[in-house]
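Fold and contact review
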Amino acid sequence: MARRPLPRILSSGSAQIARSREIARTAADSATDVLQPLITVSRGLRKLAATARAKWAATPKERRGPTLLLVAACVLVVALVPYGPLLALVTLMGAAAWKGRERPVVKTGPDDAEIARLKGLYEALVPYFSVPDDPAPLFAHGGDWSGAFGEFAFDEDGRPTRLRIAYPPYFTDGDPAARARVEQLLHAKSGRGREYHFDWDQEGNRLVMSVLPALPTTIAAQRFVTVPGETVLGFTDGDSVQRTVPVVAADGTEDAPAVVWRTGPRSAEPHLLAVGQPGSGTTSLLRSIALQALPHGDVLIVEGGGTGEYACLTGRDGVLAVECGLSGALAGLEWAAQETERRLIAANRARQAGHPAPEDTRRPLWILLDRPGVLGHLAAADGRPDPQELLQVPLRHGRAAQVTVVVAEQFDSTDTLSETVLSHTRARIVLGPASSEQIESVLGVAPHTTPTPQVPPGRGYARLGTGPVLRLQVPATPDPYDDATSEAHRQAVLALLPERRAAVDAVVVGAAGFGTAGRESADFEESGFGSTDFERAGHDGSGFETTTLKTVPAAAVTAVEAAQAHAPAPAQAHAPAPAPDPAPAQAPAPPRHEPDVAAPVARYEGEPAPRHAPVAAEG
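Summary of the structure given here.

Digging into the overall build of the protein
Counting its secondary structure elements, the protein contains 17 helices and 21 strands. For the protein, with 619 residues in total, the buried portion stands at 40%. By sequence separation, contacts in the protein at least 24 residues apart represent 66% of the contacts at least 6 residues apart. Carbon and sulfur atoms form 57% of the exposed surface of the protein, whose accessible area is close to 34,100 Å².

The following block contains the structure:
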């Protein structure tokens, strides 16, 4: 049986009612807009009348007669003055309009949702801030939360952004574990995903929890206003440090609070260790340090990851070498150890003679080692020494020799770091997402903030020596050769790179089979001599010269010299080599860490033997 449709009057009645309601609501809104001045004046007249009635009720009875006489006299004067009644009416309407205006409601206390949030926090803190023997507990179930929470603030979502808590004196605020439990509770109850700062006032028994704003990520690599020996590691909160540096950010020039690391002979933290997760920004940190060190010193870079992140620095003025292989890393670090010893001996002899230290010993030398654990694994598989063993001399004596070591490693390889590296790198940095336990294992103390699970690259914590733990944001210093790098950051990094130097090849004295020593060390390794290439720097008053040095075993050089003695003289004439100045007797050079290979002997064609050959440390 088919359903009969409803009558037309019943089916269209609801639509007509809804339309009528919409018309009535629109008319009411229009009337309210038109009559708004009249409504405001009426509200003001009502408030003025209520004020006058309250004044009259508060006036004593013996003063009401004189008050009425004064009011009547004023009305009579206004009535006799020309245009007096009109001016009085205009004044009354103006006062009524001012009194009847709508004022914004000023919030004087928390609303119901915020009160419920504070009560929840109070009840959650009762087990931590109360004991059964307290006769008048500050925290008790069902107690008054207003006595414990003296100051509070909330954001738009109703989550607390600032909270001052008064706790009883018997709480063990000197125990890090007890403080950590309270901080973890407040972090969970106040809302995750934000970074909280906890300031414990142990003298006043007060705890202030505040939400920290995110550090700016708009500061890219640039020339910072610093003196030689100072390096800007990154930027932190304004109330954590006392020094600011002018920087160029995305929104203009501003003064940003910077974390400045001081190196040199008087530095208490001459070496640095950076630890982070993959992609956390440790390589960008080393690249930023290298760009700041190049204007005043020389840089030796050893990259264990082999990803080519430092290719932009290859061949630049001041960059001694960028080594990615195990052989080049061992050769470069061995040269750095011998150079440190040479600087110490030269400076010691100059002081004993009453002269200032030589110029070449005062030029800073930076050793940047990225991912040494990978190189150590390769060395162990090949039966060769760990590259970290060659860092003992630069780490122990580098401060007096103007040698600074920076090591970067990942969390999963921190167990491969040697005891020498861990004990001499007093400046520490942790980048990327990490737990409080991981941060404490690197920095020595836990941070006063709650680490967030998601952070931008270059975001972390820094601690210089025994100082406080600071939040850190490393300036953006990406690889300019990476396709994912933005154009603005690419141009910023390229503008800081020094000019590329002209390649100067060293010619090893030998037969025609040896030829000129270029940059391809693989040719020498295939010949069985086991030579490696590294760069040696010499600095004088006229400029800086970098030469690629090739080394061969002493036996091979002796055989070549004997062959040259019986070989006919070449047709081309050569200029006689200048006679070298007599050098003082020095100790023999330390042996290389290569099995069954004699000490290397290298010479330059048409050049005397170097004055400052690496020698063993005295004493």
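Focus on the sheet that holds strand β1 (residues 149-154)
Taken together, the four strands give an open sheet; going across it, the order is β1-β2-β4-β3, and neighbouring strands pair in antiparallel fashion. Every other strand in the sheet has two partners, leaving β1 and β3 (196-201) as the edge strands with one partner each. Sheet twist, expressed as the mean angle between neighbouring strand axes with direction ignored, is 10 degrees. Direction of pairing for strand β2 (residues 160-166) relative to strand β4 (residues 206-211): antiparallel, over a ladder of five bridges.

Describing the layout of surface pockets
If you add up the space inside the second largest pocket, you get close to 780 Å³. Considering the residues around the second largest pocket, the lining is formed by 29 residues, among which Ala180, Glu183, Ser436, Ala446 and Pro447 are closest to the centre. Only α7 (176-190) and α14 (436-443) provide two or more residues apiece to the lining of the second largest pocket. The dominant element in the lining of the second largest pocket, judged by the number of residues it contributes, is α7, at eight residues.

Considering the packing of helix α6 (residues 112-125) against α7
In the contact formed by α6 and α7, the axes pass within 11 Å of each other and the chain directions differ by 155 degrees. When the interaxial angle is binned, α6 and α7 end up roughly antiparallel. Relative to α7, the crossing made by α6 is right-handed. Taking contact as the criterion, the partners of Arg117, Leu121, Ala124 and Leu125 in α6 are, on α7, Val182, Leu185, Leu186, Lys189 and Ser190. Of the residues contributing to the contact of α6 with α7, the split by class is six nonpolar, one polar and two charged.

Points about the pattern of salt bridges
The final tally for this structure, using the stated rule, is 18 salt bridges. The residue Glu195 makes a salt bridge to Arg459 at a minimum N-O spacing of 2.5 Å. Of the two residues, Glu195 is situated in the loop between α7 and β3 and Arg459 in strand β14 (residues 459-464); the sequence distance between them amounts to 264 residues. An identical accessibility class is assigned to Glu195 and Arg459; each is buried. Close ionic contact of Arg471 with Glu195 constitutes a salt bridge, the shortest N to O distance being 2.9 Å. Of this pair, Arg471 sits in strand β15 (residues 470-473) while Glu195 sits in the loop between α7 and β3, and the two are 276 residues apart along the sequence. Of the residues examined, Glu195 reaches a relative accessible area of 7% and is grouped as buried. Several salt bridges share partner residues, and in doing so they unite Glu195, Asp237, Arg459 and Arg471 into one network.

Points about the environment of Gly279
Inspection of the secondary structure puts Gly279 in the loop between β8 (272-276) and α8 (282-293). Exposure remark for Gly279: the relative accessible area of 67% places this residue in the exposed category. Sequence separation of Gly279 and Leu431 is 152 residues, and the distance between their C-alpha atoms is 9.3 Å.

Comments concerning empty space enclosed by the protein
Tallied over the full model, the rule gives four cavities of 30 Å³ or more. Put simply, the largest cavity is a space of about 70 Å³. Around the largest cavity, the lining residues are Glu195, Gly432, Pro433, Ala434, Pro451, Thr452, Val455, Arg459, Gly460 and Tyr461. Its residues assigned to classes, the lining of the largest cavity comprises five nonpolar, three polar and two charged.

Digging into the packing of aromatic side chains
Taken as a whole and assessed by the stated rule, the structure comprises twelve aromatic pairs. Plain terms: the ring middles of Phe129 and Phe139 are 5.2 Å apart, the flat faces sit at 55 degrees to each other, and that makes the pair tilted. Separated by ten residues along the polypeptide, Phe129 in the loop between α6 and β1 and Phe139 in the loop between α6 and β1 bring together distant segments of the chain. According to the relative accessible area criterion, Phe139 is buried, its value standing at 1%. When the centroid spacing of 5.9 Å and the interplanar angle of 15 degrees are considered together, the rings of Phe171 and Trp200 count as stacked. Of this pair, Phe171 sits in the loop between β2 and α7 while Trp200 sits in strand β3, and the two are 29 residues apart along the sequence. For the pair formed by Phe171 and Trp200, the shared burial category is buried. An aromatic cluster is present here, built from Tyr122, Phe129, Phe139, Phe149, Tyr167, Phe171 and Trp200 joined pairwise through their rings. It is Arg287 that lies over the ring of Tyr310; its NZ or CZ is 5.9 Å from the centre.

A few points about the environment of Val208
The residue Val208 is located in strand β4 in this model. Overall, Val208 belongs to the buried group, its relative accessible area being 17%. Between the alpha carbons of Val208 and Phe152 there is a distance of 9.5 Å; along the sequence they are 56 residues apart. Other than its neighbours up to four places away in sequence, Val208 contacts Arg162, Leu163, Arg164, His197, Phe198 and Asp199.

Section: a nonpolar patch on the surface
Residues Val34, Leu35, Leu38 and Ile39 make up a contiguous nonpolar surface patch of roughly 370 Å² in combined accessible area. Its location among the elements puts Val34 in helix α2 (residues 13-34).

Topic: unusual backbone geometry
One non-glycine residue, Asn205, lies in positive phi territory at about 55 degrees. Examined against the element boundaries, Asn205 turns out to sit in the loop between β3 and β4. Since its relative accessible area comes to 16%, Asn205 is described here as buried.

Some thoughts on the pairing of β3
Going residue by residue along β3, you find Tyr196, Phe198 and Trp200 tucked away on one face and His197, Asp199 and Asp201 left uncovered on the opposite face. Between the end of β3 and the start of β4, which pair antiparallel, lie four residues, with Asn205 showing a positive phi angle near 55 degrees.

Considerations on the side chain of Glu409
Here Glu409 is to be found in strand β12 (residues 403-410). Residue Glu409 is classed as buried on the basis of its relative accessible area of 1%. Leave out the neighbours within four places in its chain, and Glu409 touches Ala274, Val275, Gly276, Arg371, Pro372, Gly373, Thr414, Thr416 and Leu417.

Cut-off values and rules
Residues numbered from 1 in each chain as written. Predicted model: local features only at pLDDT ≥ 70, side-chain atom pairs only at ≥ 80, totals over all residues. Heavy atoms only, no water. Helix = DSSP H or I, 4+ residues; strand = E, 2+ residues; numbered from the N terminus. Buried < 20%, exposed > 50% of the residue type's maximum accessible area, 1.4 Å probe, protein only. Contact = heavy atoms within 4.5 Å. Areas by Shrake-Rupley, 256 points an atom, 1.4 Å probe, with all protein chains shown as cover. Pairing = 2+ DSSP bridges. Axes fitted to C-alpha atoms, helices over the stretch in contact; angles between N-to-C directions. 1 Å grid on protein atoms, 1.4 Å probe; cavity = no way out; pocket = protein on both sides within 12 Å on 5 of 7 lines; lining within 4 Å. Points joined across faces, edges and corners; volume = space filled by probe spheres on them. Parallel < 35°, antiparallel > 145°, perpendicular 65-115°, else oblique. Left-handed = near helix turned anticlockwise from the far one by under 90°. Nonpolar A, V, L, I, M, F, W, Y, C, P; charged D, E, K, R; others polar. Salt bridge = Lys/Arg side-chain N within 4 Å of Asp/Glu carboxyl O. Phe/Tyr/Trp six-rings, centres within 6.5 Å; stacked < 30°, edge-to-face > 60°. Lys NZ or Arg CZ within 6 Å of the ring centre and 35° of its normal. Patch = residues over 30% accessible without salt bridge, like charges linked within 9 Å, V, L, I, M, F, W, Y side chains within 5 Å.

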